Each structure stands twice: as structure tokens, then as C-alpha cells.
Amino acid sequence: MKTDASSPPPPSEEAASPSMERLPVHLWEQVFSFLPVSTVLVSRAVCRLWDATLRSAPFSSLYAAAPARHEQLDDLHFLLFADLGSAAPFAAAYRPSQDRWSALPIPRPACAASCFHRVHASGGALVLAEQKNGSFVVHDLFAGVGHEIAPMVSLQGQSYALGLIDNGQLGYKIVAVSTLDRVVSQVFDSETCLWTWKGEFLGRFAVLGNSANLHGVLYCLSRAPDHLLAYELDSGEWSLVDVAMPPSCVVCPHLLVHRGALFLIGGEEEGGDISRIVMWELDGREKRWRVCGCMPDELLQEFRGQRMNHFYTLDRKGVVCFCNTSSNVLLMCDLRSMRWWWPKKCPFLISADGHSWFGHALEPRLGDFRCSVQFARHQKS
Amino acid sequence: MSSGDSGPSSSKQLVQQPAAAGRSPNQPPLLGAGGRKVIVLKSGDEEEFEVDLLDAMQSRTLRRAIEDGCGDGPMPLPNLTGPVLAKVVELFRRHRGDPRWADELQETEKEGMFKDYAPQKPTAEVKGFDREFVSVDRDALFDLLRAANFLEAPGLLDVTCDAAADAVMNMTVEEVREYFGLVNDYTPEEEAALRKQHEWAFQ
């Protein structure tokens, strides 16, 4: 770096416009540490000095250690729709902080077989995608890099990913389950690049729904019969949480973590139609789900339109997105303030061939996404 | 950089006055009106400000100087102007008890000086003051940033760095260059490549 941070400015330039040369680099690092990842990336394009500072090791460790905007929503992206089959696939991403849409490219396939077929799970900045040829990739969609991982062990073709836990520079884990005659789980660890069997639960369920990670425990809802299950990530131990499920018939349930507690969002069905969308909070002491809010009636009427038999729910950092699957109408809610709003209309044309719903909430991160080298080594050995 | 006594640290500039005779380091400074311990800060343009000793301790630079025993007479701060120092002193007063630095004070407590100085969460009023504090033009913000850096005051640093970051967030790359007086030293191809690499962030 050509600037000597500690040297005082020449007095003759006192009246000139202030510049980076006149503030020590460590002070700029402090300023930059208050930026969201997106602005850090944009700021690299300002000049070489900024680029060097923003890529430097001292800044990286400062940024990782004290994420000043950790609680902010600046970089929250709801990747709602995608056209995976097109020649230039992309996801339509909604940013609540700006009420704006942007197009996030999905890796262009090298051949038809390697295009994203289905995204199984997501967490942090990462998605786990299955390619047309059946192989699996973990991809950082913001950085545009990814790598293939070994496929999960399939038990009679019935294994599916339950959750992806992105621990940033510490790596990531994927939990997959099969639910044939009992729950059998396997975990992929980016450190070892291996799937290992870890835990089983003697219980018959049709399927396990979305998962939510709270204090190292992956919670998920089972369907048919409906229960709340807990999976300890460290020990691989499964348990059935002793809690009475909501008394009414809940459809389209979605589990989420907010303010360090577990919440459940779902629709109440009446005569084949969804008449209410309710939110419950888990009351551990009373061992029940306590109603803590619902979609206001006038919003529900508009959200539902003529008819709604299914909706998706997506959340991250206390921001929830509802999508009516029949009409693609979207409604947002910030749980921290219980503020509801209609997002701006998606400006992208996406073919409605049934693959258009993407439904993953992600946030970019700084730093390299590694693992591919290890995987290559593992493959050879 | 080490802020030890031996190095050419910024506290050197503070120790311009002759050491007060008969006073040892760490001795509590003088008492002001009403029995409060106060010190006097003197700006480069000779303006003097009476500051509660405990408020001044928010600055590591001032704390070092006080602990070195130079809090008796007016403490010269030649690189701060009167208006900047006035603002800083007001922020110190409003941030009294701010946990961002009060914890640090408890650790270095000497002779029970800080026993009545319980940390408290910043109130909405303090947050409002902070916002108002940095609602200034660019040059004034830079003066405050430099003052924060020189004084090594965590609360002041947080408020000013956050404001500078806000400025960056609300501007395009071109506007940032203009605002901070930076020259684009990329070739057009290099800049295009950088923008292409994280296209989503530029949308």
C-alpha cells in the first residue's frame, strides 16, 4: 500500500478535499466494518487502495469478528422465482431492505446434464442443488462459485436434505434423512467432505417438513402424524418434543426461529379453503403452541384472491415472505415490528412451467468459499 | 501500533506542560465546582473547555495523559479546533456510562474513581443525539473522524465511522470517489471486470 497511514498531511493541502490519504488505513477499516457485504463488494471498484484495504487480512478479520451490521437486513435476499431451464438461468431476488428486485445468476450449465434441476436446501449464502444428471453441488450464488459433493446415500430412493447449516468460514453441514419405516439421518461435513450416518429415530412419518436451527438443534415438523422433532447436530440424537400441536387443522406449516424462540406459521383450513393464516410461538413451559398473531383479514382477502389452496412461507432474520402458489401474489411481514407490506411487483418474466418457484432466503458473505480442493483430494485417495 | 509510554505516541503532545511539582502520577486531579473532578482541555485555537474527569476518560489518549499526571493545568490539544472539541466534549457528556467503553474503565479503575459510574444501555435520547451529532457536512465529519482517531474514544469512533459508512452506502461508486476525493486508478477493463464479478451488488 503506497500510503503511509501515520504520516501527517502536508499543511498546504489542509484546505483541499479530504481523501483516504489523510485518514489512517486502520480508521478506514473501521468505517468499512460498518458496511454490509454488498457495499464492501461495490466499494472495491472505487480505487485500488480501497480494493487492497477491503481484501486485506486485517480487514477480513476485523469484519469477521465484529459484524457491526449483523442485525441489519441490508443484504437479505429472498430468491423467490427462478427459471432453471433457460440458457441464462437466474433467480429473481427480492431485497426487503430496499423493496427492490435483482437478478442473481444461477451457474450456466456446461451441458444440459449439469444444469440445476432442483435446489434441496439452503443456508447462509449456500444452496444444495441437484443437477439433471443426479449429481449434487453446493453453490455460493453470490460469489458464483460452487463445487460438487458426493451424493447422499439413498435408501430406496427416499433420502432428502432436511437442512444446510452454513457456518461461514468454519464450513457447513448438510443433514439428510429418509423416512421409510423410521427416520434415518446422515450428515455431510465440509471439513471431511463425507456423508456419515448419524442418528435414527424409531417413528413412522410420511415426511419431515422444513427445518429451523436453534442453538445447535435442528427442529422440524413431521407430517402424518404431526409432531415436532428435534435433532441434535453434535450428537445425532433425535427426540420428539413434548408439545401439543395446534388443535385446528394446520396446512402449509412453516417452522422458524425468531428472537431465540421457535415459531410456527400455517393456514387453518375450513371447507377446503384457507380461512386464516396464523402464527404460533412455542411455549416450552406450557408445552403447547400459543397463538401470537395472524395475517390481518383485509390482507388475507387480497392475498387469497379468488382462491387459494396452498401457500409457501419463507423466512430469515425475522422477515417472512408469503407466496400464494396459485397466483404468485406475495406478502411480506417483519416480525420484529409486525409490519406488513406488499412487495414491489417482480419485474422479471419467468416461464410458469412449474419450476418457477425457487423459495430460498440467503445472505452473501465475505471470504472465499472453500472445500473443492479437499473434495478433489478425497476423491483421489 | 503500541500506545505505550516509550513510543512516540500521541500522548507526548499532551505532556507539554511542566510536570506539576509535588504531584505524583495517578493522583486524582483537581476538584471543580461542587466537588466534581474536572480537567481543562485547550484546543489548538486556544479555546478552553472544562470537562468532567470521568467523561474525559472515554478517550484513551486523555486517560493516558491523566494517569501520567498531566491533568492539572489546561491540557493542550493542538490538532483539535475549538468547534470540534466543543462537539466532542458534548458527546462525552451524553455518552456518560455508555457500556461501549465503561467496561474498559472498570478494569483500569484506580482509587475507586469510577465507583459511581455504572454502565447503562444507550437510551433513545442518546441515539437521537448521536444521529444529530453526525448530521454535518463532509469536512466536519472528517474532522470528527480524525478527532475520534486521535483521542482513541470508542463511542466517538463508532458514531463517526457508522456515519461515514452510511455515506458510502447511499452513494454510487462515482459519487463515493467524488465525495472522498479519490481518483479512479483502474483501467476501464479492470473496472468492468470488477463490476461483472459481483454484478448483483451493483444492481
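Residues numbered from 1 in each chain as written. Chains lettered and ligands numbered in written order. Predicted model: local features only at pLDDT ≥ 70, side-chain atom pairs only at ≥ 80, totals over all residues. Heavy atoms only, no water.

Draft legend 1. Focus on the overall build of chain B. When you go through chain B residue by residue, the secondary structure sums to eleven helices and three strands. Shown N-terminal to C-terminal, the secondary structure of chain B runs as helices and strands in the order α-β-β-α-α-β-α-α-α-α-α-α-α-α. Burial statistics for chain B: of 203 residues in total, 44% are counted as buried. A separation of at least 24 residues holds for 63% of the contacts in chain B among residues at least 6 apart in sequence. Counting only carbon and sulfur atoms, one obtains 52% of the accessible surface of chain B, whose full area is about 10,200 Å². (Helix = DSSP H or I, 4+ residues; strand = E, 2+ residues; numbered from the N terminus. Buried < 20%, exposed > 50% of the residue type's maximum accessible area, 1.4 Å probe, protein only. Contact = heavy atoms within 4.5 Å. Areas by Shrake-Rupley, 256 points an atom, 1.4 Å probe, with all protein chains shown as cover.)

Draft legend 2. Molecular detail of the nonpolar core. Trp50 and Phe358 of chain A together with Leu41, Leu151 and Phe180 of chain B are the most contacted members of the largest nonpolar core, which totals 86 residues. Ranked by residue count, the leading element in this core is helix H8 (residues 154-169) of chain B, at nine residues. Judged by nonpolar contacts, the second largest core, of 21 residues, contains Phe78, Trp101, Cys323 and Trp341 of chain A. (Core = buried A, V, L, I, M, F, W, Y, C linked by side-chain atoms within 4.5 Å.)

Draft legend 3. Inspection of the packing of helix H1 (residues 25-32) of chain A against helix H3 (residues 48-55) of chain A at higher detail. Residue and element names in this part refer to chain A. Contact pair H1 / H3: the axes reach a minimum separation of 10 Å and the direction vectors enclose 70°. Relative to H3, the element H1 is oriented roughly perpendicular. Where H1 approaches H3, its residues Val25, Trp28, Glu29 and Phe32 are matched on the opposing element by Trp50, Thr53 and Leu54. Tallied by class, residues from the contact of H1 with H3 come to five nonpolar, one polar and one charged. (Axes fitted to C-alpha atoms, helices over the stretch in contact; angles between N-to-C directions. Parallel < 35°, antiparallel > 145°, perpendicular 65-115°, else oblique. Nonpolar A, V, L, I, M, F, W, Y, C, P; charged D, E, K, R; others polar.)

Draft legend 4. Region of the structure containing the state of the cysteines. This model, assessed by the stated rule, comprises zero disulfides over all chains. Unpaired in terms of disulfides, Cys47 of chain A finds its nearest cysteine sulfur in Cys161 of chain B, a separation of 17 Å. Of the cysteine sulfurs around Cys333 of chain A, a residue in no disulfide, the closest is that of Cys292 of chain A, at 10 Å. (Disulfide = S-S within 2.5 Å.)

Draft legend 5. Region of interest: the packing of aromatic side chains. Scanning the entire structure with this criterion turns up 25 aromatic pairs over all chains. With centroids separated by 6.3 Å and ring planes inclined at 5°, the aromatic side chains of Phe201 of chain A and Phe205 of chain A adopt a geometry described as stacked. By the burial criterion, Phe201 of chain A is buried, and Phe205 of chain A matches it. Judged by centre distance (6.5 Å) and plane angle (75°), the rings of Phe303 of chain A and Phe311 of chain A are edge-to-face. You can call Phe311 of chain A buried: its relative accessible area is 2%. Across from the ring centre of Trp341 of chain A, 4.2 Å away, lies the NZ or CZ of Arg339 of chain A, which sits over that ring. Cation over ring: Arg138 of chain B sits above Tyr179 of chain B, and NZ or CZ is 5.9 Å from the ring centre. (Phe/Tyr/Trp six-rings, centres within 6.5 Å; stacked < 30°, edge-to-face > 60°. Lys NZ or Arg CZ within 6 Å of the ring centre and 35° of its normal.)

Draft legend 6. View of the domain arrangement of chain A. All names here are of chain A. The domain architecture assigned to chain A consists of domain 1 (11-65) and domain 2 (77-380). Distance between the C-alpha centres of domain 1 and domain 2: 36 Å. Taken residue by residue, the interface counts seven residues in domain 1 and four residues in domain 2. Surface buried jointly by domain 1 and domain 2 totals about 380 Å² across both partners, of which 80% is contributed by carbon and sulfur atoms. Area buried by domain 1 at its contact with domain 2 is led by Val37, Ser38 and Tyr63, which between them contribute 73% of it. Taken together, domain 1 and domain 2 are joined by zero salt bridges. Counting across the interface, domain 1 meets domain 2 through one residue pair in polar contact (both at pLDDT 80 or more). The set of elements that each furnish at least two residues to the side of domain 1 that touches domain 2 consists of helix H2 (37-43) and helix H4 (57-65). Counting residues per element, the side of domain 1 that touches domain 2 draws most heavily on H2, at four residues. When grouped by side-chain class, the residues that make up the side of domain 1 that touches domain 2 number five nonpolar, one polar and one charged. (Domains from an automatic or database assignment. Buried area = accessible area lost by both parts, 1.4 Å probe. Salt bridge = Lys/Arg side-chain N within 4 Å of Asp/Glu carboxyl O. Polar contact = N/O pair within 3.5 Å; in protein donor to acceptor, adjacent residues only side chain to side chain.)

Draft legend 7. Region of interest: the sheet that holds strand S11 (residues 194-201) of chain A. Residues and elements named next belong to chain A. Taken in spatial order, the four strands of this open sheet run S8-S9-S10-S11, and their pairing is antiparallel. Pairing within the sheet leaves two strands with one partner each, and these edge strands are strand S8 (160-166) and S11. Pairs of neighbouring strands in the sheet enclose a mean axial angle of 20°, with direction left out of account. (Pairing = 2+ DSSP bridges.)

Draft legend 8. Inspection of the confidence of the model for chain B at higher detail. Residue and element names in this part refer to chain B. On average, residues of chain B carry a pLDDT of 78, and 70% of them reach 70 or more. By mean pLDDT, the top-scoring element of chain B is helix H4 (residues 82-94) (94), and the lowest-scoring one is helix H1 (residues 11-14) (41). Every residue in residues 1-29 scores below 50 in pLDDT, and together they form 46 contacts with partners more than four places removed in sequence or on other chains. Confidence metrics for the complex model read pTM 0.81 and ipTM 0.79. (pLDDT = per-residue confidence, 0-100.)

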